[in-house]
Amino acid sequence: QVQVVESGGGLAQPGGSLTLSCIGSGFTGYAVSWARKAPGKGLEWVAGIHGDGIKTFHKDAVRGRFTISRDNGKNTVYLQMNDLRPEDTALYYCAKSDYSDFLSFSADPRDYWGQGTQVTVSP
């Protein structure tokens, strides 16, 4: 049974930073991605990373501000979020892929999802 657990969310001021963590069983060697869902909006993909951590991918809305990384020794994937904006407010999810390479910003029925961690950006 694959388990995925996100943490690190909270309240931040505009321009502030937060680091999200996603720990999961069997993460090593598999691609992982972050996505978010804001109130009243659909799921929006944020970033993805190959299983070996060599290649990363970031959507335009967060490129230059967010950074995805991983520590396979700790079965953990991180999302460093800097220069936060109110529009970054959302429930952030982590998803483990069944593939070693990150293939695309889209859901696969074989992905394993966590319960999410809330990020709120407000003065």
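What this report covers is the structure whose coordinates are included nearby. Being a predicted model, the structure only gives us computed values, none of them experimental. Residue positions are counted from 1 within each chain, in the order its sequence is given. Local features are withheld for residues below a pLDDT of 70 in this predicted model, meaning they are given only at 70 or higher, and side-chain atom pairs are given and counted only at 80 or more; totals for whole chains, interfaces and linings count all residues. For the side-chain quantities, the full set of heavy atoms in the structure was used; hydrogens and water were omitted.

## Observations regarding the overall build of the protein
At step 1: What counts as a helix is a DSSP run of H or I of at least four residues, what counts as a strand is a run of E of at least two, and both are numbered from the N terminus. Within the protein, the regular secondary structure consists of zero helices and eleven strands.
At step 2: Listing the helices and strands of the protein from first to last along the sequence gives β-β-β-β-β-β-β-β-β-β-β.
At step 3: Radius of gyration: C-alpha atoms only; globule rule: 2.2 Å multiplied by the number of residues to the exponent 0.38. Taking 123 residues into account, the globule formula puts the C-alpha radius of gyration at 14 Å, and the protein, at 13 Å, falls close to it.
At step 4: Each principal axis of the C-alpha atoms in the protein carries an extent, and together these give about 40 × 25 × 25 Å.
At step 5: Throughout, a residue-residue contact means that at least one pair of heavy atoms, one from each residue, lies within 4.5 Å. Across the protein, every contact between residues at least 6 apart in sequence was considered, and the portion connecting residues at least 24 apart equals 60%.
At step 6: Shrake-Rupley sampling with a 1.4 Å probe provides the accessible areas, and residues are treated as covered by the protein chains on show and by no other component. Only carbon and sulfur atoms are counted for the fraction: they give 50% of the accessible area of the protein, which is about 6300 Å².
At step 7: We count Lys and Arg on the positive side and Asp and Glu on the negative side, and we leave His and both chain ends out. By convention, the point assigned to a charge is CZ for Arg, NZ for Lys, CD for Glu and CG for Asp. Each charge class in the protein can be summarised by its mean position, and for the 12 positive and 12 negative side chains these summaries are 2 Å apart.

## Looking at the environment of serine 25
At step 1: With respect to the element layout, serine 25 can be found in the loop between strand S3 (18–24) and strand S4 (32–37).
At step 2: Separated by 20 residues in the primary sequence, serine 25 and valine 5 have C-alpha atoms spaced 9.4 Å apart.
At step 3: When residues no more than four places from it in sequence are discounted, the contact partners of serine 25 are Gln1, Val2, Gln3 and Lys96.

## Some thoughts on the nonpolar core
At step 1: Throughout this description, the term nonpolar core refers to a set of buried Ala, Val, Leu, Ile, Met, Phe, Trp, Tyr and Cys residues connected via side-chain atoms within 4.5 Å. Exposed residues in this analysis have more than 50% of their type's maximum accessible area, buried residues have under 20%, and partly exposed residues fall in between, with area computed by a 1.4 Å probe over protein chains only. Residues Trp34, Val46, Phe66, Leu79, Met81 and Tyr92 are the most contacted members of the largest nonpolar core, which totals 24 residues.
At step 2: The set of elements that each furnish at least two residues to this core consists of S3, S4, strand S5 (43–49), strand S7 (66–71), strand S8 (76–81), strand S9 (90–96) and strand S11 (117–121).
At step 3: Methionine 81 has contacts with Gly16, Ser17, Leu18, Leu20, Arg65, Phe66, Tyr92 and Val119, leaving out every residue within four places of it along the chain.

## Remarks on the packing of aromatic side chains
At step 1: Only centres within 6.5 Å qualify two rings of Phe, Tyr or Trp (six-membered ring in Trp) as a pair; their planes then separate them into stacked at under 30 degrees, edge-to-face at over 60, and tilted for everything else. Under the defined criterion, the tally for this structure stands at four aromatic pairs.
At step 2: Consider the rings of tryptophan 45 and tryptophan 113, whose centres lie 5.6 Å apart with planes at 55 degrees: the pair is tilted. Taken together, the positions of tryptophan 45 in strand S5 and tryptophan 113 in strand S10 (residues 112–113) put the pair 68 residues apart, joining distant regions of the chain.
At step 3: Under the relative-accessibility criterion, tryptophan 45 is labelled buried at 10%.
At step 4: Among the aromatic residues, those joined into a cluster by ring pairs are Trp45, Tyr93 and Trp113.

Taken by themselves, the reported measurements are silent on function.
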